[in-house]
Every structure is written in structure tokens, then in C-alpha cells.
Amino acid sequence: MRSVDQGMQSIDESVKKLLSGGGKDIPLFKVFIPESVIEPLREVLLSGYIGEGPRVEEFEQQLAPWFNNDNVLALNNGTATLQLALRLANVGYGDEVVSTAMTCTATNEPILAMGAKIVWADIDPWTGNINPDDVAKKITPKTKAIMCVHWGGYPCDLDELNAIAAEHGIKLIEDACHAFSSIYHGKPIGSHSDFACFSFQAIKEMTTVDGGALVCKCKADRERGRLLRWYGIDRKSKRKDLRCEEDIVEYGYKFHMNDVTAVIGLEQLKYVGKTIENHRANAARYNEAFKELTAVRPLRYKDDRSSVCWMYTVRVKNRQKFMEHMKKAGVTVSQVHARNDLHTMFEDFRADLPGVGEFTSEQVSIPVGWWLTEKDLAHIINAVLEYERYLRPRIQEMKKPPRKYEKKTAHRPNL
Ligand SMILES: Cc1ncc(COP(=O)(O)O)c(C=O)c1O
């Protein structure tokens, strides 16, 4: 029989293969699972209690300071947090939600699941984030909520978005699935709006394998969400029969986290600060190295907020060529998310979105995470600079004004 250690080693090898093209390329994402999780995991697995229990509660309590907010609900994935937030915002059949197309489809599919309509607002093509001016234009009497996404972890214009939501008496839902521990105006994401939705999916800086946290501004929403995450059942109430609940007032879902994933989360919280520090430090290296480039341009970020840098997105001239070049250099790059509005499932909501068009034609993300060694960083920067050296003269050539008409006519035959 193989030992646990042998098993872990072979898992590690196959994961490396999957993530990094046979172990040769520098991966764009990598799963962080500390060895120290094995013992607590073993303990909970053999404890006889693996459902939603004390470890989930403990995980929620330990998450609270990360959001500067006690109203935390641990759920089984980020998509569930979004759907529950929409439900708590009372979004229902025929309502409208103003949302962004520049995201994972998981942001927008829950809107359809609620029977609501999506109204696309455009984005800032230099951040990837929703544009509050366009959001304001898209509000109608049917709008129930605004959905924003912090692209790569860079916070949206939350003051402006919250002001629009307050003016119209509607809810702001932050899809913060890229933004665990990002900071806006000195406070962490999770402490600004009606709802913030986090994902602890496999490749996030903070992972529980799958999992998520819904953070509510208001205690009453947290309380209602606590019931709805488990079929509307109050698991804390005393029952006459162990398995049979009293009356259920409102239908719910099976969205709760369990003690097994919560134990992984509790262990991850010991490391995630350091993981995030690494992401931020690597991003700062890129910002410095790429600040003068014309072919590969970093996004334009303000100093009043700080991204957790889950992704490092650049805008690139002739992206296909860049992607081929990076692949040859052994660096995995990707657009990560495609614009959502062009999917057939969203075809009823088509709109003119020039910002999305501009961003989507040039954006691509390069590896920025905790796994990069000094050698990897130097190699990636070198590969980007090599591309710049190749493309810059061509861009300058394209920028030159066309030759003057008179010169051409000087050689014309006299007709
Ligand atoms: C922006 C965004 N929203 C939502 C989700 C869905 O999260 P989950 O996979 O945990 O359901 C993701 C997942 O990566 C995401 O990137």
C-alpha cells in the first residue's frame, strides 16, 4: 500500500503538470495548500462531524477582521454568495440588474437564475472596472441592484457606486471574488457596501478548495442569509425531532460551507497574509519595469486604493503575437475572462460597450503570484522587454503621418 506521503508526492507531480504545461512553463495560477492542513483535516474527517458545524462558525469569526465586518456567512462557493446576495437584495422575476460584461460568467449567471434581466454598463478600459457614469445612465424604475467586479483585485469606484445605489434606493453587490483583502479608502473590501461576495475557489490567493464568503452590511441580511443558505431552516432552533424542522417560512438553498472546507480555510488564514504580500511585491516590480513601455502597458490605478493583485493585467499591442511570444518563452499568459455580453445566453441584453471593446481587444494577464522565484520574475520581465524591443519600432512606424500628397504628385505622369 502506498503511504500518504507517496500519495501526496504523486498528486503534487500531476498538479504541477496540469498547471504548468508539463512542468516546463511558468504557471499563471497555482494552488496553495500548506502541508500543515493535513493533520487538522484528518482530525475533522475522522471526527464523525463533517457537515456545517463549529469549524464553519470559527472560520466566519476568523474571517471577520479581514473584512472589518462581523456579518460573514461562509458558503460553498463564490457563485452561491452572488446568488444569495441577489436574493437578499430581493431581486426577482422581471427586475433589472446593472452589471459588467468584463468578468467571469459566474458574476452574471446568478442574475439569470433569479429570473432578472441584465443591463450592461460600460467599463473603464484602463482598469477593467464598471464605469459609474454609465451605471447612472442605465438605472430605470425596474433596477433592483448594481453588480460590480473588482477586476484582478483592483477596487471599483465604490463611493460613486454607493451614492448611485443610495439615490435610487437599490443595493450595491460587489463581486469581490478577485479581491480578498484589497483596500479601498483605507478599509478592506467587505466593509463598504450592502453585499460583498468572495470566492475561495482552487486558484484564489485564499482557497478552501471550493468555498466563499458573503459579507453583509446589515445584521438582518446576515440573519436571513443564515437561514436561506440551508433551505430556510434555522439550524440553531430547538426541534422536537432531531431530523424534522418546525415550519419553514421562506424557501432557501443548499449553499452552506462544511466543517471540512472550513478547516482548510482556518489553516489558510495563517498563510494568506504572506501570500498576498508576495503578489503585491511582484506587481510592484512589474509596475516599475513596465512604466515606460508602449507595446505592453500596465493598467492605470489610483493611489487611494490597493489591489490584492490576484492577477496582473496589461494592455498589449498585437496581443496574439505577444501571447505566442510569451508561450515560446515558457510563460503562461491568458485573457482569463472573455466579455460576457456576446454569449448566446445573454443575447437579449446586447448593448454598445466601447470601453469593453477597447479593453477586451488588448488585455492579457501575466503570472504575478507567490510561486514566482527571483529567476522567474527576471525571466518574465525580460520576455516582456524583448517583446517591447520587437514591437516598439513598428508602433512608431505606424504613428508616423502619411507621406505628403504633393510629394507623391510630383512623380505623377502629366496626364
Ligand atoms: C469574478 C468572479 N466571480 C465569481 C466567481 C465564482 O466563484 P466560484 O468559482 O467560487 O463559484 C469567480 C470564480 O473564479 C470569479 O472570478
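Heads up: the structure comes first, above all this text.
Residues numbered from 1 in each chain as written. Predicted model: local features only at pLDDT ≥ 70, side-chain atom pairs only at ≥ 80, totals over all residues. Heavy atoms only, no water.

### Here's the deal with the overall build of the protein chain
Defined as follows: Numbering of helices and strands starts at the N terminus; helices are DSSP runs of H or I of at least 4 residues and strands are runs of E of at least 2. Using C-alpha atoms as the atom set, the radius of gyration is obtained and then compared with a globule rule of 2.2 Å times the number of residues to the power 0.38. Exposure categories follow from relative accessible area, calculated using a 1.4 Å probe and restricted to protein chains: below 20% of the type maximum is buried, above 50% is exposed, and the middle band is partly exposed. Using a 1.4 Å probe, accessible areas were evaluated by the Shrake-Rupley method; residue-level cover was limited to the displayed protein chains. In this tally Asp and Glu are treated as negative and Lys and Arg as positive; neither His nor the chain ends contributes. To locate a charge, take NZ of a lysine, CZ of an arginine, CG of an aspartate or CD of a glutamate.
The number of helices and strands found in the protein chain is 14 helices and 13 strands. Compactness check: the protein chain gives a C-alpha radius of gyration of 24 Å against a globular reference of 22 Å for 415 residues, within 12% of the reference. With respect to the three principal axes, the spread of C-alpha positions in the protein chain is 105 × 60 × 40 Å. With 415 residues in all, the protein chain has 52% of them scored as buried. For the protein chain, the accessible area works out to roughly 20,500 Å², and carbon and sulfur atoms hold 53% of it. Considering the protein chain, the positive charge centre built from 57 side chains and the negative charge centre built from 56 side chains are found 6 Å apart.

### Brief notes about the site of the ligand
Basically, it comes down to this: Whether a residue is near a molecule or strand is decided by its heavy atoms; if any one of them lies within 4 Å of it, the residue is near. A 3.5 Å cut-off defines polar contacts: any pair of N or O atoms within that distance qualifies, except that in protein one atom must be a possible hydrogen donor and the other a possible acceptor, and neighbouring residues in sequence count only when both atoms are side-chain atoms. Each residue gets one of three labels, nonpolar for Ala, Val, Leu, Ile, Met, Phe, Trp, Tyr, Cys and Pro, charged for Asp, Glu, Lys and Arg, and polar for the others, Gly among them.
Taken together, 16 residues lie near the ligand, and Gly78, Thr79, Asp175, Ser199 and Lys204 sit nearest. In the model, an oxygen atom of the ligand is placed 3.0 Å from a nitrogen or oxygen of the His178 side chain. Ser199 is positioned such that a nitrogen or oxygen atom in its side chain is 2.7 Å from an oxygen atom of the ligand. Surface burial for the ligand is 91%, taken as the share of its 390 Å² of free accessible area covered by protein chains. Those elements that place two or more of their residues in the shell around the ligand are helix H4 (78-88) and helix H5 (105-113). With three residues, H4 is the single largest residue contributor to the shell around the ligand. Its residues assigned to classes, the shell around the ligand comprises four nonpolar, 10 polar and two charged.

### Considerations on the sheet that holds strand S3 (residues 117-121)
Heads up, the rule is: Only strands that DSSP links by at least two bridges are regarded as paired with each other. Note on geometry: axes are C-alpha line fits, over the in-contact stretch for helices, and angles between N-to-C directions span 0 to 180 degrees.
Spatial ordering of the open sheet is given by S1-S9-S8-S5-S4-S2-S3, a layout of seven strands whose pairing is mixed. The open sheet terminates on both sides in strands that have one partner only, identified here as strand S1 (72-75) and S3. Between one strand axis and the next, the sheet turns by 20° as a mean value, whatever way the strands run. Examined bridge by bridge, strand S8 (residues 195-199) and strand S9 (residues 212-216) share five bridges and lie antiparallel to one another.

Nothing here speaks to function; it is geometry throughout.
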